[in-house]
Amino acid sequence: MHIALVEPYCTGSHAAWATEYAAHSSHDVELFTLAGRNWKWRMHGGAVALAGRFLAAGKRPDLILATDMLDLTTFLALTRPLSDRCRSAIYFHENQLTYPWSPGDPDPGEQRDLHYAFINYVSALCADAVLFNSRYHMDSFLGELPAFLKRFPDAVELSTVERIAAKSRVLPLGLDLRKFEPFRPQERAETGVPLLLWNHRWEYDKAPEPFFEALYRLADEGVEFRVAVLGESFGRVPPVFKQARERLGARVVGWGYQKSFAEYAEWLWRADILPVTSRQEFFGASVVQALYCGCRALLPDRLAYPEHVPGGLTSAVLYRDGESLLDRLRGLLQGAQHGAQHGAQHGARLDGHVARYDWERLAPVYDDFFSGLIGSEEGEVPEIALV
């Protein structure tokens, strides 16, 4: 089976997903991509540029697999000589309907923010299958669509929400987790001082303020810990990062983006505890990576995080809104100081559970679903069986 994978914003997790699926799939996956920058222009104009490349390749695929950054309606209209009657699927890494807008972005205040969500809506409407990386993502998008459409003056066709829901499925993000294995230490070094980890983007939606505020309070109390603050920064970095490096001083043992994967992997294997405070997460690739490497988790009981936690560990791993992150983190750190950071009594190791997201397990699921979609009657979408 020949799959044309169309990604206008090919960077970071989008690029990893596309290239890794192509490498692990039993199908022939051909990539049509643009560099991952200028995201708004990619959503407007990426379909035009990639339609030209697709037609120039001159090959009719069995399936067009697009991502949420593509205006699929425009792409299909411009590629009719090759895409007419070709099945299509759209994969939502994120969406512009429920993604929180940056406080520095002028578009919401200027009432220019609706069109990007509308591109997501009509792309989902025209696709044969609509795929989301988590149950939370699917439910939040479909749940918000009716209110979004009602913002327009008339002829909003609310029945289209049911049509999209009927062809929507959850297909988790595939990750190359096995590439961490060569860096797994033969035995973990016990320093007596637990290492906390931040390995997310340095952006407002990851809520760095409550993360660092908890660390300031613990430092003032004299609780022992070290912290590695990893992850990429783009454009405006929230000022709390500069403040945190100064206030936490010698407790900071790792800082900034790790240029080599080996350095990044080694930090994840060394870290003891992963406290997460994000206010937005449709899947959480960096969190899953840290969990695979044995970090103890302290996750919000919301967004996509509960889907990464088996039922028996929810009380040990998840904290609710209104529950004190500071108290939960203090308890983990004090337990770690008494030599229990790797003991089963914490009940917060999820490495075996999240291993199901490795491509070795998920690529056959992707392949089977796409084969089933091609072989199904028009209007029918196969179910997805996840192990």
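Look up a bit, the structure's there.
Right, let's walk through the structure included here. Please read all numbers here as calculations on a predicted model, not as lab measurements.

**Here's the deal with the overall build of the protein**
Secondary structure assignment for the protein yields 15 helices and 12 strands. Taking 2.2 N^0.38 as the reference for a compact globule, 387 residues should give roughly 21 Å; the C-alpha atoms of the protein span a radius of gyration of 22 Å, in line with that estimate. Long-range pairs, those at least 24 residues apart, make up 78% of the contacts in the protein between residues at least 6 apart in sequence. Element-wise, carbon and sulfur atoms account for 49% of the exposed surface of the protein, whose accessible area totals about 16,800 Å².

**Looking at the environment of glycine 58**
Locating glycine 58 in the fold gives a position in the loop between helix H2 (39–57) and strand S3 (63–67). Classification of glycine 58 as exposed rests on a relative accessible area of 51%. Along the sequence, glycine 58 and proline 81 sit 23 residues apart, while their C-alpha atoms lie 9.3 Å from each other.

**Overview of the sheet that holds strand S2 (residues 28–35)**
In a beta sheet, neighbouring strands pair by backbone hydrogen bonds and run either parallel or antiparallel. In space, the 6 strands of this open sheet follow the order S2-S1-S3-S4-S5-S6, with parallel pairing throughout. Either end of the sheet is taken by a strand with one partner, and the two such strands are S2 and strand S6 (168–170). Averaged over all pairs of adjacent strands, the angle between strand axes in this sheet comes to 20°, irrespective of strand direction. Two elements, strand S5 (residues 129–132) and S6, share 3 bridges in a ladder whose sense is parallel. Within S6, the position partnered with phenylalanine 132 by the bridge is valine 170. Relative to strand S1 (residues 2–10), helix H1 (residues 12–24) is tilted by about 160°, and along the sheet it contacts S1, S2, S3 and strand S4 (87–92). Across the sheet, helix H5 (residues 114–126) is in contact with S4 and S5; its angle to S4 comes to roughly 145°.

**Observations concerning the packing of aromatic side chains**
In total, this model carries 31 aromatic pairs according to the counting rule given. Lying over the aromatic face of tyrosine 216, arginine 247 brings its terminal NZ or CZ to 3.8 Å of the ring centre. For arginine 270, the ring lying beneath its charged end belongs to tryptophan 267, and the centroid distance is 4.0 Å.

**Structural notes on the packing of H1 against helix H15 (residues 359–375)**
Between H1 and H15, the shortest axis-to-axis distance is 10 Å and the interhelical angle comes to 80°. Considering the angle they form, H1 stands roughly perpendicular to H15. On H15, the residues touching Trp17, Glu20, Tyr21 and His24 of H1 are Trp359, Ala363, Tyr366, Asp367 and Phe370.

**Some remarks on the side chain of lysine 206**
Structurally, lysine 206 is set in the loop between strand S7 (195–198) and helix H8 (208–221). With residues near it in sequence (within four places) discarded, lysine 206 still touches Trp198, His200, Arg201, Thr277, Ser278, Arg279, Gln280 and Glu281.

**As for the layout of surface pockets**
In this structure, the second largest pocket occupies an estimated 440 Å³ of space. Lining the second largest pocket are 19 residues; nearest its centre among them are Cys86, Arg87, Cys126, Asp128 and Glu378. The set of elements that each furnish at least two residues to the lining of the second largest pocket consists of helix H4 (80–83), S4 and helix H7 (159–166). A per-class count over the lining of the second largest pocket returns 7 nonpolar, 3 polar and 9 charged.

**Regarding unusual backbone geometry**
Despite not being glycine, alanine 155 shows a phi value in the positive range, around 50°. As for its position among the elements, alanine 155 is in the loop between helix H6 (135–149) and H7. Of the residues examined, alanine 155 reaches a relative accessible area of 67% and is grouped as exposed.

**What to know about the pairing of strand S9 (residues 252–255)**
Pairing of strand S8 (residues 226–229) with S9 involves 3 bridges; the strand directions are parallel. Bridge assignment links valine 227 to a residue of S9, and that residue is valine 252. For the segment spanning S8, helix H9 (residues 240–248) and S9, crossover handedness is right-handed.

**Re H6**
Taking 1.5 Å per residue as the helical rise, H6 with its 15 residues ought to reach 21 Å, and the 22 Å between its terminal C-alpha atoms agrees with that figure. By the burial criterion, the buried members of H6 are His137, Met138, Ser140, Phe141, Leu142, Leu145, Phe148 and Leu149. Packing partners of the buried residues in H6 comprise S4, H5, S5, H7 and S6.

Here is what the cut-offs are and how they apply
Residues numbered from 1 in each chain as written. Predicted model: local features only at pLDDT ≥ 70, side-chain atom pairs only at ≥ 80, totals over all residues. Heavy atoms only, no water. Helix = DSSP H or I, 4+ residues; strand = E, 2+ residues; numbered from the N terminus. Rg over C-alpha atoms; globule rule 2.2 N^0.38 Å. Contact = heavy atoms within 4.5 Å. Areas by Shrake-Rupley, 256 points an atom, 1.4 Å probe, with all protein chains shown as cover. Buried < 20%, exposed > 50% of the residue type's maximum accessible area, 1.4 Å probe, protein only. Pairing = 2+ DSSP bridges. Axes fitted to C-alpha atoms, helices over the stretch in contact; angles between N-to-C directions. Phe/Tyr/Trp six-rings, centres within 6.5 Å; stacked < 30°, edge-to-face > 60°. Lys NZ or Arg CZ within 6 Å of the ring centre and 35° of its normal. Parallel < 35°, antiparallel > 145°, perpendicular 65-115°, else oblique. 1 Å grid on protein atoms, 1.4 Å probe; cavity = no way out; pocket = protein on both sides within 12 Å on 5 of 7 lines; lining within 4 Å. Points joined across faces, edges and corners; volume = space filled by probe spheres on them. Nonpolar A, V, L, I, M, F, W, Y, C, P; charged D, E, K, R; others polar. Right-handed = clockwise from strand over helix to strand, strands pointing away. Expected span 1.5 Å × (residues − 1).

Without other data, these values stay purely geometric and don't point to any function.
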